[in-house]
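In case you want the letters, here they are:
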Amino acid sequence: MILRKKNRTFVHMILFDDTQPMTLSSLNSLVKDVIDRYLSTSFWVQAELASIRENRGHCYMELIEKVDDGAIRAQARAVCWKNIWINVSRRFTETTETSLNAGMKVLLCVHANFHEAFGFSWVVDDIDPTFTLGDMARRRQEIIRILTDEGVIDLNKQLKISPFCKRIAVISSATAAGYGDFCNQLSDNQYGFRFETQLFTATMQGEQVESTVINALDSIYAYQQTNPDRPFDCVVIIRGGGSTSDLSGFDTLSLAENVANFPLPIITGIGHDRDKSILDIVACISVKTPTAVAEFLIGNLADTLERIEDFMLRINDTVKMQLEHEKLHIQSIEQHFRASLNIRIIKEQNILKELYSKLTNLSERQLIIENNKAKLLEQRIFALEPKNILKRGYTLTLRQGHAITNPSSLHRNDEITIIFAKGSVNATVKE
């Protein structure tokens, strides 16, 4: 490629025949000489990382500057050579507790570099981590302010962990060591509790954290709707096997809003040593590691078991006390009953004695009356006896041994016998 030089700005600096066309390499050499001579000073510059990657120990960056509507106003390449990058990246991570990632705002110390074969780039001499830390803090505070204004920052915290929490939806990477530690801790608990876990996979570091965790939450919600007979008790978001410098994906507004508004209590254990992520702030429960999450769930059931056992002991004690009270009450009733019964027996005995006395008197009186009646009857019977009646002048007429009370029953020539008080006569009916 051949370019014809048309302006003479730097002609006085470099001696060449400007009537002849320049080669690209000559032009690039010219630019390099100019930059090396007149742009050798380092500059502190604010920019946003559009992309960042490491290759053979060197770090390659794409820097951008945006306007308010998000459009890119400026763009440039930058490189941090291996000997500088080792110290810069370590100091940045130690200060911010996160690694440099796309989307971060950074303050770089750079100097211009132009290579005849690879073109222009800024060479990074230093990075001020406190600038990024301040920007991260501002972003966090802005997200927290938005969540507070929306009234959702404490929504998930208001949900209660079930005292019988055993069915758990787990959001994690399937290959994460922390997930394995979590499952082993649950299955090998000293109490013999049996937990049911179901994994919903997600990327737990890098740029895909937000989207994959939100997708996992959507899948859990859909499962709840289609399986109302076997609902989850809680959701666990765990991360293990990575460094604390890969947690920026958990500091996003969209993820925080999804967690805050989720209808199940969410427990996080994503490996923070000191500061909490925004995800930890909006979650119902936040602990440090996946193992700590497992210990929390085991402890929750252990507390429930302890309360149940305590209730059983209290119930047993109450029952024993009640039984003892009832026993004493029954004994008191028995004593009272016996005393009342004895009093009643004595009272009834006295009544019986009185009745017996009255009955005896009445019986004797009745016997006298009845005896008198018997005597009167005896006198009447004696008076009505036929012999005594005959003595008073009456007679008894018999026909064939039967008494005749009506003369019309007799016929002419009937043989009859007339009995007197003394003796009898036989007679024949004439008419």
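Residues numbered from 1 in each chain as written. Predicted model: local features only at pLDDT ≥ 70, side-chain atom pairs only at ≥ 80, totals over all residues. Heavy atoms only, no water.

**Description of the sheet that holds strand β5 (residues 72-80)**
Counted only if it meets this: Strands qualify as paired when DSSP identifies two bridges or more between them. Secondary structure elements follow DSSP: runs of H or I of four or more residues count as helices, runs of E of two or more count as strands, with numbering from the N terminus. Throughout, an axis means a line fitted to C-alpha atoms (over the contacting stretch in the case of helices), and angles, computed between N-to-C directions, take values from 0 to 180 degrees. Contacts are assigned to residue pairs that have any heavy atoms within 4.5 Å of one another.
Reading around the barrel, the five strands line up as β3-β4-β5-β7-β6 and close back on themselves, with mixed pairing between neighbours. Sheet twist, expressed as the mean angle between neighbouring strand axes with direction ignored, is 50°. Note that β5 and strand β7 (residues 119-127) share two bridges and pair parallel. In the sheet register, V79 faces β7, and the bridge partner there is V123. Strand contacts of helix α1 (residues 24-38): β6 (105-115) and β7, with the helix running at about 130° to β6, the strand carrying the most contacts.

**Considering helix α5 (residues 209-226)**
Basically, it comes down to this: By definition here, a helix of n residues has an expected span of 1.5 Å times n minus one. Under the scheme applied here, a residue whose accessible area is under 20% of the maximum for its type counts as buried, over 50% as exposed, and between as partly exposed, the area being computed with a 1.4 Å probe on protein chains only.
Over its 18 residues, α5 extends 26 Å from the first C-alpha to the last, a length consistent with the 26 Å expected when each residue adds 1.5 Å. Those residues of α5 not exposed but buried are V209, T212, V213, I214, A216, L217, I220, Y223 and Q224. Residues of α5 that are buried make contact with β8 (167-172), β9 (196-201), β10 (234-238), α6 (253-260) and β11 (266-269).

**So, the nonpolar core**
To be explicit about the condition: Residue types Ala, Val, Leu, Ile, Met, Phe, Trp, Tyr and Cys, when buried and joined through side-chain atoms within 4.5 Å, form a set referred to as a nonpolar core.
Within the largest apolar cluster, 33 residues are counted, with the highest numbers of intra-cluster contacts made by I171, V213, I220, V235 and I237. Looking at this core, the elements with two or more residues in it are α3 (129-150), β8, α5, β10, α6 and α7 (278-282). Per-element tally for this core: the top contributor is α5, with seven residues. For I220, the residues in contact, after removing those within four places along its chain, are A169, I171, F200, F232, V235, F262 and L264. Judged by nonpolar contacts, the second largest core, of 21 residues, contains I161, F195, C234 and I298.

**Here we look at the pairing of β6**
Here strand β3 (residues 43-55) pairs with β6 via six bridges, running antiparallel. Opposite A47, over in β6, you have V106 as the bridge partner. Pairing between β6 and β7: eight bridges, direction antiparallel. The partner of L108 across the bridge, within β7, is I127. Counting the residues between successive antiparallel strands, the hairpin from β6 to β7 contains three residues.

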